[in-house]
Amino acid sequence: MTTPDTARHTPNSMDGNPTIDERANHCFGCGPANPQGLHLAFTTDTSNPEAITATCHFQLDRMHEGPPGYIHGGIVAALLDEAMSKLNRPLNVLAMTRHMEIDYLRPVPLYQPLVLIGRHLNRPAKDGTPGRKLFHQAEIQHPDGTVLARSKGLFIAIDEKLLFAAGITPPEA
Ligand SMILES: CCCCCCCCCCCCCCCC(=O)SCCNC(=O)CCNC(=O)[C@H](O)C(C)(C)COP(=O)(O)OP(=O)(O)OC[C@H]1O[C@@H](n2cnc3c(N)ncnc32)[C@H](O)[C@@H]1OP(=O)(O)O
């Protein structure tokens, strides 16, 4: 049996009701209602439908440290995953990450303003209609443009009926 770490706790506000309602969004990456989350805020650019992007400016502190002075690799993965997932909404798709690969090119520093950019690559058609598979990529960049980490991801569109089956509350119309 493991000993609970009493320094960590889940706030009472984090009740057990799953939801995808923006107003009660507990997503670790972007949810304002998650006091322990990253609170990433993205701007999407859909001016070129062939190359939709999602961009976020962020800075992390020791809460997310891995190597001394640098962001933990798992958090780097979460950042990249989040940037790629933010491309699904402008494409009008509910989708989950099925596969992602990461190049950790340079250690990603704490206490520095950094840029996180997701880019939609393609959504191959199947039987003449948009397929379930969406391919995205993402990068974490130093402000001088140096790429510190890069990912490619496969997202699978989810049938909204599954949300109801799982008891997940969609946003009100
Ligand atoms: C009930 C749930 C509620 C959902 C609510 C959603 C709310 C939307 C908000 C999400 C918020 C985002 C947050 C950040 C993004 C995350 O982090 S999401 C969390 C992490 N991801 C997950 O937990 C997903 C877990 N995986 C799954 O649930 C299932 O695998 C999936 C993704 C639903 C897909 O299931 P499936 O439909 O059975 O998939 P499957 O047919 O095996 O594969 C689909 C296709 O991909 C291909 N494929 C599979 N793996 C690979 C691979 N490695 N390489 C190439 N192709 C592959 C397959 O061959 C297949 O191709 P086709 O045969 O269709 O040509």
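Up top is the structure these notes are about.
Residues numbered from 1 in each chain as written. Predicted model: local features only at pLDDT ≥ 70, side-chain atom pairs only at ≥ 80, totals over all residues. Heavy atoms only, no water.

## Considering the overall build of the protein chain
Regarding its fold elements, the protein chain presents 2 helices and 8 strands. Along the chain direction, N to C, the helices and strands of the protein chain fall in the order β-β-α-β-β-β-β-β-β-α. The burial tally for the protein chain puts 34% of its 173 residues in the buried class. Expressed as a percentage of contacts within the protein chain between residues at least 6 apart in sequence, the contacts between residues at least 24 apart total 62%. Of the roughly 10800 Å² that the protein chain leaves accessible, carbon and sulfur atoms contribute 54%. (Helix = DSSP H or I, 4+ residues; strand = E, 2+ residues; numbered from the N terminus. Buried < 20%, exposed > 50% of the residue type's maximum accessible area, 1.4 Å probe, protein only. Contact = heavy atoms within 4.5 Å. Areas by Shrake-Rupley, 256 points an atom, 1.4 Å probe, with all protein chains shown as cover.)

## Things to note about the pattern of salt bridges
Pairs can form between side chains of opposite charge once their charged atoms are near each other. This structure, assessed with the given rule, holds 5 salt bridges. R119 serves as the salt-bridge partner of E139, at 4.0 Å between the closest nitrogen and oxygen. Here E139, found in strand β7 (residues 133-141), pairs with R119, found in strand β4 (residues 114-122); they are 20 residues apart in sequence, far enough to count as distant. Among the residues examined, E139 registers a relative accessible area of 8% and is labelled buried. Taken together, the shared-partner salt bridges connect R119, E139 and R150 into one network. (Salt bridge = Lys/Arg side-chain N within 4 Å of Asp/Glu carboxyl O.)

## Considering the site of the ligand
The local shell around the ligand holds 18 residues, among which D81, T97, R98, R132 and K133 are the closest. Here a nitrogen atom of the ligand sits 3.0 Å away from a polar atom, N or O, in the main chain of T97. Between a nitrogen atom of the ligand and a side-chain N or O atom of H99, the distance comes to 3.4 Å. Compared with its free state, where it exposes 1400 Å², the ligand has 54% of that area covered by protein. Where the shell around the ligand is concerned, the elements lending two or more residues are α1 (73-85), β3 (95-104), β8 (147-157) and α2 (160-165). Grouping the constituent residues of the shell around the ligand by class yields 10 nonpolar, 3 polar and 5 charged. (Near = heavy atom within 4 Å. Polar contact = N/O pair within 3.5 Å; in protein donor to acceptor, adjacent residues only side chain to side chain. Nonpolar A, V, L, I, M, F, W, Y, C, P; charged D, E, K, R; others polar.)

## Section: the nonpolar core
Among the nonpolar cores identified, the biggest contains 29 residues, and F58, I71, L79, L116 and I140 are the most heavily contacted of them. Among the elements of the structure, β2 (53-58), α1, β4, β7 and β8 are those that each provide at least two residues to this core. Among the elements that take part in this core, α1 stands out by supplying 6 residues, more than any other. Ignoring any residue separated from it by four or fewer positions in sequence, one finds I140 in contact with F58, V76, L79, L80, V108, L114, V115, L116, T146, V147, L148 and A149. (Core = buried A, V, L, I, M, F, W, Y, C linked by side-chain atoms within 4.5 Å.)

## Some thoughts on the sheet that holds β3
The strands that make up a sheet are held in pairs by hydrogen bonds between backbone atoms, and each pair lies either parallel or antiparallel. With antiparallel pairing, the 6 strands of this open sheet are ordered in space as β1-β2-β4-β7-β8-β3. Either end of the sheet is taken by a strand with one partner, and the two such strands are β1 (43-45) and β3. The sheet shows a mean angle of 20 degrees between the axes of neighbouring strands, direction not considered. Both β7 and β8 contribute to a ladder of 9 bridges, which runs antiparallel. Its bridge partner being in β8, F135 is matched across the sheet by L154. Here α1 sits on the sheet in contact with β2, β3, β4, β7 and β8, set at roughly 130 degrees to β3. (Pairing = 2+ DSSP bridges. Axes fitted to C-alpha atoms, helices over the stretch in contact; angles between N-to-C directions.)

## Focus on α1
An ideal rise of 1.5 Å per residue puts 18 Å on 13 residues; α1 measures up with 18 Å between its terminal C-alpha atoms. Those residues of α1 that sit buried are I75, V76, A77, L79, L80, E82, A83 and M84. (Expected span 1.5 Å × (residues − 1).)

## Here's the deal with a positive patch on the surface
On the surface, a cluster of positive charge is made up of R98, K126, R132 and K133. Within the secondary structure, R132 is located in the loop between β6 (129-130) and β7. Here R132 falls in the exposed class, since its relative accessible area comes to 54%. (Patch = residues over 30% accessible without salt bridge, like charges linked within 9 Å, V, L, I, M, F, W, Y side chains within 5 Å. Lys, Arg positive; Asp, Glu negative; His and termini not counted. Charge placed at Lys NZ, Arg CZ, Asp CG, Glu CD.)

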